[in-house]
Structure formats: C-alpha cells, structure tokens
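# Observations on the model geometry
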Amino acid sequence: MSGTGDTDLLARGGRTSFGGFLLRLGARMPFLFIAGRMYGAEALGLFAYATMVIELMAQLATLGLKRGLAAELAEGALPEPQIVADALLLAWIAAIAGALLLVAVPGIVFPNGGGGGFDRILPLMAVAIVTSDVAIAAMAFRNRLGVAVVARSVVEPWTLAIVALAMAFTPLKRDGLLIAYAASMVAAMVASLRPLLREFGWPSGWVPHWRRLFELARANWPLAGADAAEWGSRRLDIFILGRFASAEVVGIYFIAQQIATLPGKLKSSFDSILAPVVTRTLAVGDTAGVAAHIRQVGFWIAAAQLGAGLALGFTGEASLAMFGATFAAGTGVLALLLLVEFFGAQAAISETALIYLRRKSNL
C-alpha cells in the first residue's frame, strides 16, 4: 500500500474510532452520574480500585497480543484462524492463572475489606477482558474497526450504565457497581467474539501449538511489559490512594481522573488501526514511512487534545459538581491531570514504532 493510501487508511480508521470515542463518552458520563449520585463517593472508590487491579492483571495476561497479534498475522506462519486460536488460548491461560491468584488473596482487590460473595469471583472477569482484547486486535488487522466501536463504545458502557441504574433499586445495591461491571465485560466479550468467528471462521483442524505458544509468550513479554508499564503508570495514583486514603477520597479522585482522561481516549482512537499499518509498512522495510505515520497521527492527536483539554479545564469545577457537591474538591487535580494527558499521549504514540523494532529497549 502506498504512503498516501496508508495515511488515508489512518484517517478513516481514526475517524471511525473517534466516532466510537464520542459514543463511549455519551455512555460513560451517565454511568459516572449514576454512580456519583446514587451510590456515592465511597462505593465509587471501592469500584475504582477493584476494577483497576483486575484490569491491570488482564493487561498483563494479554501478553502484548493487542499489538503483537498484528505482527503474527502479518508473518503468516500458520492459517489466520489458527493463529487467532493460539493467541486466545495463551491469553486465557494467563488470565485464569491471574484470576485464581486474586480470588485466593482478595485483599489485593479489596484492601479496605470485602472480597466475600460476588466480590470474590469478580477477578474471573479478566477472561472476558482478554477475549475482547484479542478479538478486537484480530479484527483490526483486517481493518474491521467497527467491532471495537460497537463492543467498547456502545455495548460495554451502556450495559454498565443501565445495569448500575437497575441495581440501585434492588437489594443487591451494595454490589451494584461491581455487578454492572461484570455484565458490561461479558457483553463486550460477546459483541467482539461473534464477529471474530464470522470473519475468521472456526479454526478447522486446529490443535494447540504448545511450543509455538511458549515462543509467542517469550517473544511478546517485552510488549506485555511495555503495555503494563504504560497502563499501570496511569493507574498508579489510584493504587496509592487505595492503599493510603479512604474509599471516599479514591472516589473523588476517580471522577476527576475519568474526566481528565477523556482527551487521552483520542490517542487510543488510533491504536487499533496504527498497529496493522505500522507492521505492514515495516514488512517492506519502509522505516521512513513509519516515521511519517507517527508524526501525522501525533499532530492530529495533539490538535484535538488541546481543544478538548482547554474546554474541560475551564469548566472543571462545574463538571465535577455535576456528579455531586463532594466531587468539586477534585478541581485542582483535574487541571493537573489534563496537562499530563496532553504530553503523555505524544510519548505513547512515539513508542508505537519501537515496540516492533526494539521491544526490549522500549520496555
């Protein structure tokens, strides 16, 4: 594909994913409003910490396949359905192992208590998360970005909001946010797995390639480490607060963080399409073309983030108070996080080429 064709593909993919970002925003805000007004800062803080731990473990369990799968499919060592099946099996094994650890030691997920009843099995949702991640990565390789939009920007957030609202009026309100989270992860998994099976088909004649699975895990560990470091650095603040502050403080900070990270979602709008474009460009040895793609996407994201960040910053106190008067205390934190998001996105875009050229150096 020509450089112009790649740029057009990036633009189309970015527009598709940006549309998904707007849809996700439209659903995420009602959830935050429901959680803040109907459950309160303390319940929201417990939810934020528990889901952060589970998603970090799922991030590690994906073993870098969100970006590494594109390289595997581009190499074509096996039929594509079998490569996808191997990737899913590898992610499932890692996710189940991590989930069992969290089930056995509930204090990791609920440092301030909990971990009984439904809470105890919540880490098993990591299996649904990694399934969605791998399926979306495989579909992105075939430029089917609409799957990510439907699963992540429509099905997942709206399920979260609707179930949270419903649970607020039942005897299960204590676990309402966590039940809503579990329902949203399962719904997103179904929404991404069904089109995957239609697109790639059932892996006929497939048996697990155990040696290849080991090699895939070994080759991708720098990617998994880089993904976890980048993702974890954005959640380290929640971890620290969860360990040393009250759940109410965590809830206030979580609302400010959710608003501040909205411009950051603009960067993730390009993740699905940038990986396959970069891997195909590298396959023909065109490193200059990769650099051009990185510069172009970086410019698009910086321009969009600047406008979004200024708009959110100037209305920060009013935006936070919308979720409850208690949350207005996070205005100063919101301003700082918006600034960090602007520079952080450029760093994350710049590493996109390094993860394929110098994985260990990037990590």
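Here the structure is shown first, and the text comes after it.
This is a predicted model, so every value here is computed, not measured.

On to helix H15 (residues 331–357). Counted at 1.5 Å a residue, the expected span for H15 with its 27 residues is 39 Å, and the 41 Å between its end C-alpha atoms agrees. For H15, the principal kink sits at Glu351 and spans about 30°. Listed as buried for H15 are Leu334, Leu337, Leu338, Glu341, Ala345, Ala348, Ile349, Glu351, Thr352, Ala353, Ile355 and Tyr356.

Evaluation of the coordinates by the stated rule reveals six salt bridges. For Arg152, the salt bridge goes to Asp133, with nearest N and O atoms at 2.4 Å. Placement of Arg152 in helix H6 (residues 146–167) and of Asp133 in helix H5 (residues 125–141) is noted, with a sequence separation of 19 residues between them. A salt bridge links Arg152 to Glu156, with the shortest nitrogen-to-oxygen separation between them at 3.1 Å. Taken as a pair, Arg152 and Glu156 lie in helix H6 at a separation of four residues, close to a single helical turn. Each member of the pair, Arg152 as well as Glu156, carries the same accessibility label: buried. Shared partners join several salt bridges into a network, and the residues in it are Glu80, Arg142, Arg144 and Glu199.

What follows is about the packing of aromatic side chains. Between two aromatic rings, the relevant description is the distance of the centres plus the angle of the planes. Inspection of the entire model under this criterion finds five aromatic pairs. Between Phe31 and Phe47 the ring centres are 5.5 Å apart and the planes differ by 55°, which places this aromatic pair in the tilted class. Relative accessible area serves as the criterion here: at 2%, Phe47 is assigned to the buried category. When the centroid spacing of 6.3 Å and the interplanar angle of 80° are considered together, the rings of Phe47 and Phe254 count as edge-to-face. One end of the pair, Phe47, is in helix H1 (residues 3–61); the other, Phe254, is in helix H10 (residues 247–260), and 207 residues separate them in sequence. Among the aromatic residues, those joined into a cluster by ring pairs are Phe31, Phe47, Tyr181 and Phe254. In this structure, Lys173 is placed above the aromatic ring of Tyr39, and the distance from its NZ or CZ to the ring centre is 5.8 Å.

About the cut-offs
- Residues numbered from 1 in each chain as written.
- Predicted model: local features only at pLDDT ≥ 70, side-chain atom pairs only at ≥ 80, totals over all residues.
- Heavy atoms only, no water.
- Helix = DSSP H or I, 4+ residues; strand = E, 2+ residues; numbered from the N terminus.
- Expected span 1.5 Å × (residues − 1).
- Bend = angle between axes of the 7 residues up to and from the residue.
- Buried < 20%, exposed > 50% of the residue type's maximum accessible area, 1.4 Å probe, protein only.
- Salt bridge = Lys/Arg side-chain N within 4 Å of Asp/Glu carboxyl O.
- Phe/Tyr/Trp six-rings, centres within 6.5 Å; stacked < 30°, edge-to-face > 60°.
- Lys NZ or Arg CZ within 6 Å of the ring centre and 35° of its normal.

Everything listed here is a matter of coordinates, which is why it stays silent on function.
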